[in-house]
Every structure is written in C-alpha cells, then in structure tokens.
Amino acid sequence: MNLTLFGPPGSGKGTQARFLTQHYGIPQVSTGDLFRAEIKQDTAIGRTAKDYLDRGDLVPDDMTLELVQRRLLKPDTWRGVLFDGFPRTVPQAEELDRMLASMGRHMKRVIFLQVPSEMLVNRLAGRLTCPKDGRTYHPQLNPPKKDMVCDVDGTPLIMREDDRPETARRRIGVYLEQTLPVLAHYRQQHLVADVDGTGTIDEVRTRILRAIEDRRGDGHDQPQD
Ligand code: AP5
Ligand code: MG
C-alpha cells in the first residue's frame, strides 16, 4: 500500500509517519531525510542539495527523483511505502505515477494535513530533532521524556538549520507556490483525504487512520485501489 503524507512544513508529516509505518508495516520515504543523509555522508548529491536545503528552496526535480527511484528499487519497499514530503512539484507527481505504474504499483491515498500558517511557525521554531533517527520533539507541544535527548536512542537533540524563522517562512512560501498545486493532480485522481492537522498528535493520528481506512469516502474523495 503506497501512501503520501502531504502538508506544509511543520504540519506533522514526520511525527505521524512514525505511527503509520509501524501500523502498516511499510517504510517511510522522506525525501528531506534522504537529502540530509546524503549531506551527512558528503556525497555528490549531498553537496549540491545542501545549498537548497539551507536556503529553504526545493532541490531540482531530477536529483530528487533519482533518490526516490533508487529507494524504490530496494526490496523493503515492495509491499508499499509511506511518502513524506514527496512529491512536492507537479513534475515529481507525474513522474512518480509513471514510476509506480512501471513497477505494477499505485498510490492508495494522499493525506493532506491542514494546519494554519501561524501554528506552523510556532511548531518549527521550537522543533527539536534527533540527528540519528530523525524523530522530532517540541519542548511544549511534544516534549522528550528526558530533557534534550531522544526517547529512543538517547542522542542529544538538535535544532534543524532550516527551522530558523526566516528560512522556515521561506519554506512555507515555497510550499504555497510550488507544492500546493500537487494537490490538484491527486484530486483529479480522487485520492486526497483532507485531514485536520490541529489538535493533539493522537487526535491527528486517529483522523488519519480513519481517512485511510474509510472505504466509503465519508465526505472525502473516494479512494482508488
Ligand atoms: P523536509 O524535511 O521534508 O521538511 P518539510 O516538508 O519542510 O517538513 P518538516 O519536516 O519541516 O515538517 P513535518 O511536517 O515533518 O513536521 P514534524 O512532524 O517534524 O524537507 C526539508 C528540505 O529538503 C526542503 O526544504 C527541500 O530543500 C528539501 N526537499 C525535501 N523533499 C523534497 C522534494 N520532494 N523535492 C525537492 N526538495 C525537497 O512536526 C513539526 C513540529 O511540530 C515538531 O516539533 C513536532 O513535535 C510538532 N508537532 C507535530 N504534530 C503536532 C501536533 N499535532 N500538535 C502539536 N505539535 C505537533
Ligand atoms: Mg519532516
């Protein structure tokens, strides 16, 4: 089962991906995490991508698609994946359709996490990230059990460079301009489930599970299997 978590920076894609990958037994494919791993390993892609991430701009489509294609060839993705932060442009969405079709796969649902802009800035400004496993926390909204260390592996938490207010605002602007049009692509295919991304993390999780499982539509576009 292939799913996409779609939404602006700070809408909770990474947070919710943790539950969903466990629930459905499929891996998370976060292009942001893939780029951060390339940067850490100082690969050719990582060196080029770094400037884009630092500015809050999107990395060019060809490079992004190359990473995703490479990831989808790994056997752990064959039962399906949970995309997080991908696709982010209409050409990426069109190419993903082609890629999945050529592998005999298809997208089941696109979960659109809706969160107002002022809430996004607050979430991003306080976000703490585990550099080892990518888990995110927030001192008030989602605090770690022990101050400033990851609950799972005890790694000291860091602030992401691109969460600085001016870069975070730029990322939100880029999302509105270049990524939001991707929704129309999936609405045409009746794959989008609009989910309220406000409220507690548990409340949002329950809404997402309902949206994925709800075969009757219940006010959403009908899923296509
Ligand atoms: P990426 O890493 O994908 O960042 P993003 O889309 O900007 O999204 P975030 O990771 O910032 O937010 P999130 O929705 O995961 O929120 P989270 O769950 O952490 O991309 C980074 C960069 O990589 C891009 O700018 C671009 O340069 C490049 N890139 C990536 N993909 C690309 C692509 N496809 N094409 C081209 N370039 C690409 O939550 C945020 C905070 O809120 C956390 O602190 C969390 O604890 C808290 N929180 C979560 N849910 C709740 C809740 N319900 N209530 C209260 N707090 C909550
Ligand atoms: Mg994320």
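As a convention, each chain's residues are numbered from 1 in the sequence order in which they are written. Both sets of labels track the order of writing: A upward for chains, 1 upward for ligands. Local features in this predicted model are restricted to residues of pLDDT 70 or higher, and side-chain atom pairs are both shown and tallied only at a pLDDT of 80 or more, whereas totals for entire chains, interfaces and linings draw on every residue. With hydrogens and water stripped out, all remaining heavy atoms of the structure feed into the side-chain values.

Novice: Where do I start with the side chain of Arg109 in this structure?
Specialist: One can find Arg109 in strand β4 (residues 107-114). Using a 1.4 Å probe on the protein chains alone, a residue whose accessible area is under 20% of its type maximum counts as buried, one over 50% counts as exposed, and one in between counts as partly exposed. In summary, the charge assignment counts Lys and Arg as positive and Asp and Glu as negative, without counting His or the chain termini. Within this document, salt bridges are pairs made up of a side-chain nitrogen of Lys or Arg and a carboxyl oxygen of Asp or Glu, the two lying within 4 Å of each other. Buried charged residue Arg109 carries no salt bridge. Nearest counter-charge: Asp214, at 6.2 Å. At a separation of 3.3 Å, a polar atom in the side chain of Arg109 contacts the main-chain carbonyl oxygen of Ala211. We count a stretch as a helix when DSSP gives it H or I for four or more residues in a row; a strand needs E for two or more, and each element gets its number in order from the N terminus. Here a polar contact means two N or O atoms within 3.5 Å. Within protein one must be a hydrogen donor candidate and the other an acceptor candidate, and residues neighboring in sequence count only if both atoms are side-chain atoms.

Novice: Explain the pattern of salt bridges here, please?
Specialist: Oppositely charged side chains may form a pair once their charged atoms are brought near each other. For the structure shown, the criterion picks out 18 salt bridges. Ionic pairing is found between Glu161 and Arg164, a salt bridge with its closest N-O pair at 3.6 Å. Here the residues in one salt-bridge network are Arg127, Arg160, Asp162, Asp163 and Arg171, joined through shared partners.

Novice: How do you make sense of the site of ligand 1 when you look at a structure like this?
Specialist: Residues are counted as near a molecule or strand when any one of their heavy atoms sits within 4 Å of it. By nearness alone, 37 residues border ligand 1, and Thr15, Asp57, Arg88, Arg127 and Arg171 come closest of all. Interatomic distance of 3.0 Å between a side-chain N/O atom of Gln92 and a nitrogen atom of ligand 1. Working definition of accessibility: Shrake-Rupley area with a 1.4 Å probe, residue cover restricted to the visible protein chains. Coverage of ligand 1 by the protein amounts to 97% of the 1100 Å² it exposes when considered alone. Take the shell around ligand 1: its biggest share by element is four residues, from helix α2 (residues 31-40). The classification used treats Ala, Val, Leu, Ile, Met, Phe, Trp, Tyr, Cys and Pro as nonpolar, Asp, Glu, Lys and Arg as charged, and all other residues, Gly among them, as polar. Here the residues of the shell around ligand 1 are counted per class, giving 13 nonpolar, 15 polar and nine charged.

Novice: What am I meant to see in the nonpolar core here?
Specialist: Soluble globular proteins tend to bury their nonpolar side chains together. The biggest cluster of nonpolar side chains holds 21 residues, and the ones touching the most others in it are Phe6, Leu72, Phe83, Leu96, Met107, Val110 and Tyr186. For this core, the secondary structure elements donating two or more residues are α4 (61-72), α5 (90-102), β4 and α8 (182-188). Here the element with the most residues in this core is α5; it accounts for four residues. Each residue touching Val110, except ones within four places of it in the same chain, is listed here: Thr4, Phe6, Tyr186, Leu191, Val192 and Ala193. Only buried Ala, Val, Leu, Ile, Met, Phe, Trp, Tyr and Cys residues count toward a nonpolar core, and they belong to the same one when joined by side-chain atoms within 4.5 Å. Counting residues in hydrophobic clusters, the runner-up holds 15 residues, among them Ala17, Leu20, Ile26 and Ile111. Should any heavy atoms of two residues lie within 4.5 Å, those residues are counted as being in contact.

Novice: Mind showing me how you'd approach the packing of α2 against helix α3 (residues 44-55) here?
Specialist: Two elements in contact, α2 and α3, have axes whose closest approach is 8 Å; the angle formed by their N-to-C orientations is 120°. Taken together, α2 and α3 sit at an angle that is classed as oblique. α3 is crossed by α2, and the crossing has left-handed handedness. When α2 is examined against α3, the residues Phe35, Arg36, Glu38 and Ile39 are found in contact with a partner set consisting of Ile45, Gly46, Ala49, Lys50 and Leu53. Between N-to-C directions, angles cover 0 to 180 degrees, with each direction set by a line fitted to C-alpha atoms, over the stretch in contact for helices. What sets the label is the angle itself: under 35 degrees gives roughly parallel, over 145 gives roughly antiparallel, 65 to 115 gives roughly perpendicular, and the rest give oblique. The hand of a helix crossing depends on one turn: near helix anticlockwise from the far one by less than a right angle means left-handed, and clockwise means right-handed.

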